[in-house]
Amino acid sequence: MTMTSQQTTDKQKVSGVILVDKPQGMTSQQVVSKVKYLFKSPAHDSKKAGHTGTLDPMATGLLPICMGEATKFSHYQLDADKSYQATILLGSQTDTGDADGQVVGQVSIPTFDQSILDKVAQQFLGAQQQIPPMYSALKKDGKKLYEYARAGIEVERAPRDIVIKTIDLKAIDNEQIQLTVTCTKGTYVRVLAEDIAKIMGTLGHLIALRRTQVGKFSIVESISLSALEALSLDDRQAQLLAIDACVNIEAELTLTAEQYTRVHMGQRLNVFEHLTDNLRDYISTSISHQSSVSESNDTPLDSDIVSSDDEQTLLHEIAVDIRLLDEQGEFIGLGAVSLNGRLQPKKLIQR
């Protein structure tokens, strides 16, 4: 029996965040497709879903998947720091940088101990630039890099700014090293492993990679695909975190029913009288942080190129993202508010 368009419209949209422990051998998109299937039912629409950062097919570990309205806030985890545990096999290099590739070079492995590994690790701490690997989904002239690589073509790649927050190296045996690292978005652990091997005077590639942390989410909170599949639909629904689980903003503002209606119409509000001291402090602190980041990147805010007489006026117009709640305390989305009280709706959820 064919479902009518009205029945399709009446389906409940599955919304929330689920933390999946990705199995080896599956692409991140295949995991998303499987999760969408597992949440689908005659009464539930699970078509809209996406992950918050690709894991290679060889890799396992934490893959946060946003569904429905939660996809509007996925970028907070795309931009988040990530932690990994990996195994580096020394003495050989592959074309992909991991065990899925073909060996393209072999050299001897020098002897090493923990003190050498500690010194090597120290060299990788902090801000640096990394050249992305050819076997990656980054695009050059509209074509993915791995497509060039498979055709035997190597193209120039611009280095990217990354930060290694923490790094630890431990010997497993005379050929293998365990790498534990926390890094900023865009870091390729495969490239990091190759660079570590080079510093040690040899070659290397990854034979295991597991993501253990994404922002505030930990692998211990995740569920495997097989365990998720074994649950009833109701129990799967219970695994979903809140729609705003990815949002790492604490500051919030409660709107009246009238204000709620107006922001959903895209209207700006004047909420100057509703700005608490805590909220003002949050906005001021956020603006100061934006200024310091801009200065460190040599891209000054407009406030740096105006006269001091106008600076305070400009600072009062800079908008900062905050959480918006309705009168029942339910999250309704994000808005941008400035010290002058102007509130602009940004990303709002549809219930």
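As recorded in an unreviewed UniProt entry, the protein chain goes by the name tRNA pseudouridine synthase B, listed as coming from Psychrobacter glaciei. Reading the Function (unreviewed entry) entry of the UniProt record for the protein chain gives the comment "Responsible for synthesis of pseudouridine from uracil-55 in the psi GC loop of transfer RNAs."

Asker: Just checking my understanding: could you explain the packing of aromatic side chains for this structure?
Answerer: Centre distance and the angle of the planes are the two values used to describe a pair of aromatic rings. The final tally for this structure, using the stated rule, is one aromatic pair. Consider the rings of phenylalanine 73 and phenylalanine 331, whose centres lie 5.4 Å apart with planes at 70°: the pair is edge-to-face. Of this pair, phenylalanine 73 sits in the loop between strand E5 (60–67) and helix H3 (75–78) while phenylalanine 331 is found in strand E20 (residues 331–337), placing the two residues 258 residues apart along the sequence. For phenylalanine 331, a relative accessible area of 6% corresponds to the buried category. Note that lysine 143 overlies the ring of tyrosine 148, its terminal NZ or CZ placed 4.9 Å from the centroid. The ring centre of phenylalanine 272 lies 4.6 Å from the NZ or CZ of arginine 280, which sits over that ring.

Asker: Looking at this structure, how should I read the UniProt feature "domain: tRNA pseudouridine synthase II TruB subfamily 1 C-terminal" (unreviewed entry) in the protein chain?
Answerer: When the UniProt feature table is mapped to this numbering, "domain: tRNA pseudouridine synthase II TruB subfamily 1 C-terminal" (unreviewed entry) covers residues 322–349. Note that residues 322–349 is 0% helix and 64% strand, and that its end C-alpha atoms are spaced 14 Å apart.

Asker: Any chance you could explain the nonpolar core here in plain terms?
Answerer: Most often, soluble globular proteins keep nonpolar side chains buried together rather than apart. Judged by nonpolar contacts, the single largest core of 39 residues is most densely connected at Phe73, Leu253, Leu255, Leu324 and Leu343. Counting residues per element, the ones that place at least two in this core are strand E2 (16–22), E5, helix H10 (277–296), strand E19 (320–325), E20 and strand E21 (342–348). Setting aside anything within four residues of it in sequence, one finds leucine 324 in contact with Leu253, Leu255, Glu330, Phe331, Ile332, Gly333, Leu334, Gly335, Leu343 and Leu348. Of all hydrophobic cores here, the second largest spans 28 residues; its members include Phe112, Cys183, Ala197 and Leu209.

Here is what the cut-offs are and how they apply
Residues numbered from 1 in each chain as written. Predicted model: local features only at pLDDT ≥ 70, side-chain atom pairs only at ≥ 80, totals over all residues. Heavy atoms only, no water. UniProt positions renumbered as here; feature names shortened; annotations may be inferred. Phe/Tyr/Trp six-rings, centres within 6.5 Å; stacked < 30°, edge-to-face > 60°. Helix = DSSP H or I, 4+ residues; strand = E, 2+ residues; numbered from the N terminus. Buried < 20%, exposed > 50% of the residue type's maximum accessible area, 1.4 Å probe, protein only. Lys NZ or Arg CZ within 6 Å of the ring centre and 35° of its normal. Core = buried A, V, L, I, M, F, W, Y, C linked by side-chain atoms within 4.5 Å. Contact = heavy atoms within 4.5 Å.

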